[in-house]
Protein chains: 4
Amino acid sequence: MTHTPHRRGADRTEAIMRTTLELGQEIGYAKLSIEAVAARAGAGKHTIYRRWSSKGALLLDSLLSLNEPGLDYPNSGDIVADLRAQIYTAVDLLARPPFGPLFQALIGEAQHDPQVAAALNERFITPQADKTVARLKAARDQGQLSSGFDLDLAMAILSGPLYFQLLITQEPLTHEYVDRILHALFAGMGPQPQP
Amino acid sequence: MTHTPHRRGADRTEAIMRTTLELGQEIGYAKLSIEAVAARAGAGKHTIYRRWSSKGALLLDSLLSLNEPGLDYPNSGDIVADLRAQIYTAVDLLARPPFGPLFQALIGEAQHDPQVAAALNERFITPQADKTVARLKAARDQGQLSSGFDLDLAMAILSGPLYFQLLITQEPLTHEYVDRILHALFAGMGPQPQP
Amino acid sequence: MTHTPHRRGADRTEAIMRTTLELGQEIGYAKLSIEAVAARAGAGKHTIYRRWSSKGALLLDSLLSLNEPGLDYPNSGDIVADLRAQIYTAVDLLARPPFGPLFQALIGEAQHDPQVAAALNERFITPQADKTVARLKAARDQGQLSSGFDLDLAMAILSGPLYFQLLITQEPLTHEYVDRILHALFAGMGPQPQP
Amino acid sequence: MTHTPHRRGADRTEAIMRTTLELGQEIGYAKLSIEAVAARAGAGKHTIYRRWSSKGALLLDSLLSLNEPGLDYPNSGDIVADLRAQIYTAVDLLARPPFGPLFQALIGEAQHDPQVAAALNERFITPQADKTVARLKAARDQGQLSSGFDLDLAMAILSGPLYFQLLITQEPLTHEYVDRILHALFAGMGPQPQP
DNA sequence: GGTTAAGCGAGACGGTACGTCCTGTCTTGTC
DNA sequence: GACAAGACAGGACGTACCGTCTCGCTTAACC
């Protein structure tokens, strides 16, 4: 048996993450095993365990490597248009393999593994939320939103229904649905009587 | 060796579900195994597999057996008060072991297992959503909400941020947060200038 | 579901034994299970266990039911010819499915299960051996064999090599081999010097 | 939890075989399970399956490890004395646990499992038979046996009755019985009148 | 001739073991 | 010293049978 010379460090890291995404896309996260990733990547298991502490940690890194720069906000001056553009982009990312299904599975994993949950929040969720809040804050500072506008709650109302649809009802996310949420947030639901 | 006579059907079903909840509470869903449930319940593994096709299916039934009648809505005439009361109850249920953590884990499992996702929706999510929508519709029919009020979207805005907090940021759900959401929904976010 | 009327006693016994032989022939003794016999025979497992204490006991009865009268000896006056005829018959029986392979498997089972070993000896081996010894004794009494002729040993020399070939080397038993044994027994091996 | 470092290869092989013999002696072959051997030996089941394809294969190796050099023949010049000595040794080996009962069970297994039968023949039966035949042939070459002496048949007459007693009647093998067989083989049965 | 006990098919049940898969740790030898 | 390869202990999987049991239905035997 001949051996291809062992390449080191970043080289191996990258190959393993690429294989993880490939294999995850082919057989799904549930059936993905570190054993199989190692075999397919031509890597020793040790080489994987040296870098990642669990399947979830490996997948998180692999997914983030797909989206290095993150989803950045335009700032055209029109807060609604900017939010819409950004959320469209996010929704499109989630609709497209391999990101969508694997990201969904990763959130699933986070429900069983606190380390994954923490890392996911720290590395993806919070940064995205922060950008949204920052964009909203800019609009409020510019007087486009009332001074009492609840930035965090607005972020939650923008995100929550989408995650609900992704994780719970598992129906496809549409631009039209994003529009309805945006409209409700900024124009109100129009409930006649005052509560 | 003497044998206690085997008790049948519902008897065994109930014992297995009770054991599942006990063990799930003790060691967590991730470490829960059908093997261990069988051993603790004094049941053969086949007796479990005969009833449930997976760990997720078993847990779903076990959890639902805790909440037989479901969360029912009061109808005091005051839509906001009624929603508040009902959501408080739901949030309290989620805050209390064993339901909370196991329900969360079950949603996690639903991300890997379409059967669990479907069953969860059919048996828990959809019925609850339907009740909320029905209560909102009654209010709209009585003129308490504008005729254009988007019932489904309202339901999503009420649920989404809570599930977001449960599943993503994994912070505790508080009554105060529920109040903020309700206020936003019915009083609006107040984005003064341009809608 | 319609029920064929349950037939009793000997009827069921016979159906189960017939199924045992059928199934044993199809899939071999090793893979034969009481479960499968019951299913194929349309019998309850209890009905089998009521009659036989083990797979081996069931097979023994099933095999013996094939050979009810036993292998009886001719007595033509010529002891060698009579033995030859009888052993040819036995060897032919062993060469023919379903008896041969299942009988062999039954002896295999007897090595693990003393009850089967005892029953096999009592119901098959000893009666056959007794007949052989009786025929030899008649010949000795008629002066065809020396008065010191060791009847039991002769029986063992006739049977042993055949069972050796059946069980150990597992080569087919031939009439030619029977002839060689008979010749050695009655004409001697012809070893020159006196021991 | 601390881990003793895993010892490799021959070390594990030997420990597993030793445990197999121990456990086989304690509870008998029929009740012996690979599961139990693994547990007692502190080995993973896979470590056993990696080496042996079945319980029978494991037992065969384990037994042969007890009798590494095999049963070798003396050659004193006296063929009868040499055979007697060698067969006494074999009979004594079979009379003594753990070899006897487990060897008997292994032959039983060989009736259900062709792989075991083949391996048993190749690794134990045939080599022993060859030695016997070789010793007989030496005697014949030296003129101690007639030139027409049937070596293979003699071997079968020496072995057959003993295996018959071991496997079929399951009575203990005695030196006295060996003597009777040897006498019959070399002095003849003495059937006076018609050969 | 109606009742009743036994036989029966069906299959649930607790259990044991199977043979497989994967985990996370380790050892070995190569580069 | 990083690495590929893979052995190793261990745990769980889902399946197959074991022998015992419960359940109703059917049938023969006895009142």
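This one's a predicted model, so the numbers in the text were calculated from it and none came from an experiment.

A. Representation of the packing of aromatic side chains. Scanning the entire structure with this criterion turns up 20 aromatic pairs over all chains. Ring geometry for F149 of chain A and F186 of chain A: centres 6.3 Å apart, planes at 5 degrees, overall stacked. Of the two residues, F149 of chain A sits in the loop between α7 (114-141) and α8 (151-169) while F186 of chain A sits in helix α9 (residues 175-187), which places them 37 residues apart along the sequence. No difference in accessibility class separates F149 of chain A from F186 of chain A, as the two residues are buried. Grouped by ring-pair contacts, the aromatic residues F99, F103 and F124 of chain A constitute a single cluster. Here the basic side chain of K55 of chain B rests over the ring of Y29 of chain B, its NZ or CZ set 4.1 Å away from the ring centre.

B. Quick peek at the nonpolar core. By size, the foremost hydrophobic cluster in this structure holds 135 residues, and its most contacted members are F103 and Y163 of chain C together with F103 and Y163 of chain D. The residues contacting F103 of chain C, other than those within four sequence positions of it, are L63, L94, L120, F124, I125, Y163 and L166 of chain C. Ranked by size, the runner-up nonpolar core spans 134 residues in total, among them A139 and L151 of chain A together with L63 and L106 of chain B.

C. Spotlight on the relation of the copies chain C and chain D. Expressed as a screw transformation, the operator carrying chain C onto chain D has a rotation angle of 180 degrees and an axial translation of 0.0 Å, and the superposed copies differ by an RMSD of 0.1 Å. In symmetry terms, the pair is related by a two-fold rotation axis. When the interface residues of chain C are mapped onto chain D, 100% of them again fall at the interface, so both copies present the same face.

D. Broad picture of the domain arrangement of chain A. Residue and element names in this part refer to chain A. The domain architecture assigned to chain A consists of domain 1 (9-51) and domain 2 (66-187). Relative placement of domain 1 and domain 2: their C-alpha centres are 29 Å apart. Listed by partner, the interface residues are four residues for domain 1 and six residues for domain 2. Counting each side, the surface lost to burial between domain 1 and domain 2 is near 500 Å², with a carbon and sulfur contribution of 78%. Contact with domain 2 buries surface across domain 1, with L21, Q25 and Y29 losing the most and accounting together for 92% of the total.

E. Here's a closer look at the arrangement of the chains. At no point do chain A and chain D touch; the closest pair of C-alpha atoms across them sits 16 Å apart. At no point do chain B and chain D touch; the closest pair of C-alpha atoms across them sits 16 Å apart.

F. Looking closely at the interface of chain A and chain B. At the interface, 47 residues of chain A touch 50 residues of chain B. For the pair chain A and chain B, the two sides together bury roughly 4,000 Å², of which 68% comes from carbon and sulfur. For the pair chain A and chain B, the number of links is two salt bridges. Here R180 of chain A and D150 of chain B are joined by a salt bridge, their closest N and O atoms 2.9 Å apart. Elements represented by at least two residues in the side of chain A that touches chain B include exactly α6 (99-110), α7, α8 and α9 of chain A. With 15 residues, α8 of chain A is the single largest residue contributor to the side of chain A that touches chain B. Considering only residue class, the side of chain A that touches chain B consists of 29 nonpolar, 14 polar and four charged.

G. Main features of the UniProt feature "DNA-binding region" (unreviewed entry) in chain A. With numbering matched to this structure, UniProt assigns "DNA-binding region" (unreviewed entry) to residues 33-52 of chain A. Counted over residues 33-52 of chain A, helix gives 75% and strand 0%. Its end C-alpha atoms are 13 Å apart.

H. Molecular detail of the side chain of H112 of chain D. As for its placement among the helices and strands, H112 of chain D is situated in the loop between α6 (99-110) and α7 (114-141). A polar contact is formed between the side chain of H112 of chain D and the side chain of E109 of chain C, at a distance of 3.5 Å. With residues near it in sequence (within four places) discarded, H112 of chain D still touches Y29, A30, A105, G108, E109 and H112 of chain C.

I. Inspection of helix α9 (residues 175-187) of chain C at higher detail. Between its first and last C-alpha, α9 of chain C extends 18 Å over 13 residues, near the 18 Å set by a 1.5 Å rise per residue. Every buried residue belonging to α9 of chain C is among Y177, V178, I181, L182, A184, L185 and F186 of chain C, and all of these are buried. At its buried positions, α9 of chain C is contacted by α5 (79-95), α7 (114-141) and α8 (151-169) of chain C together with α8 (151-169) of chain D. In the segment just after α9 of chain C, G188 of chain C is the residue with positive phi, at about 85 degrees.

What counts as what
Residues numbered from 1 in each chain as written. Chains lettered and ligands numbered in written order. Predicted model: local features only at pLDDT ≥ 70, side-chain atom pairs only at ≥ 80, totals over all residues. Heavy atoms only, no water. Phe/Tyr/Trp six-rings, centres within 6.5 Å; stacked < 30°, edge-to-face > 60°. Helix = DSSP H or I, 4+ residues; strand = E, 2+ residues; numbered from the N terminus. Buried < 20%, exposed > 50% of the residue type's maximum accessible area, 1.4 Å probe, protein only. Lys NZ or Arg CZ within 6 Å of the ring centre and 35° of its normal. Core = buried A, V, L, I, M, F, W, Y, C linked by side-chain atoms within 4.5 Å. Contact = heavy atoms within 4.5 Å. Least-squares fit on C-alpha atoms with pLDDT ≥ 70 in both. Domains from an automatic or database assignment. Buried area = accessible area lost by both parts, 1.4 Å probe. Salt bridge = Lys/Arg side-chain N within 4 Å of Asp/Glu carboxyl O. Nonpolar A, V, L, I, M, F, W, Y, C, P; charged D, E, K, R; others polar. UniProt positions renumbered as here; feature names shortened; annotations may be inferred. Polar contact = N/O pair within 3.5 Å; in protein donor to acceptor, adjacent residues only side chain to side chain. Expected span 1.5 Å × (residues − 1).

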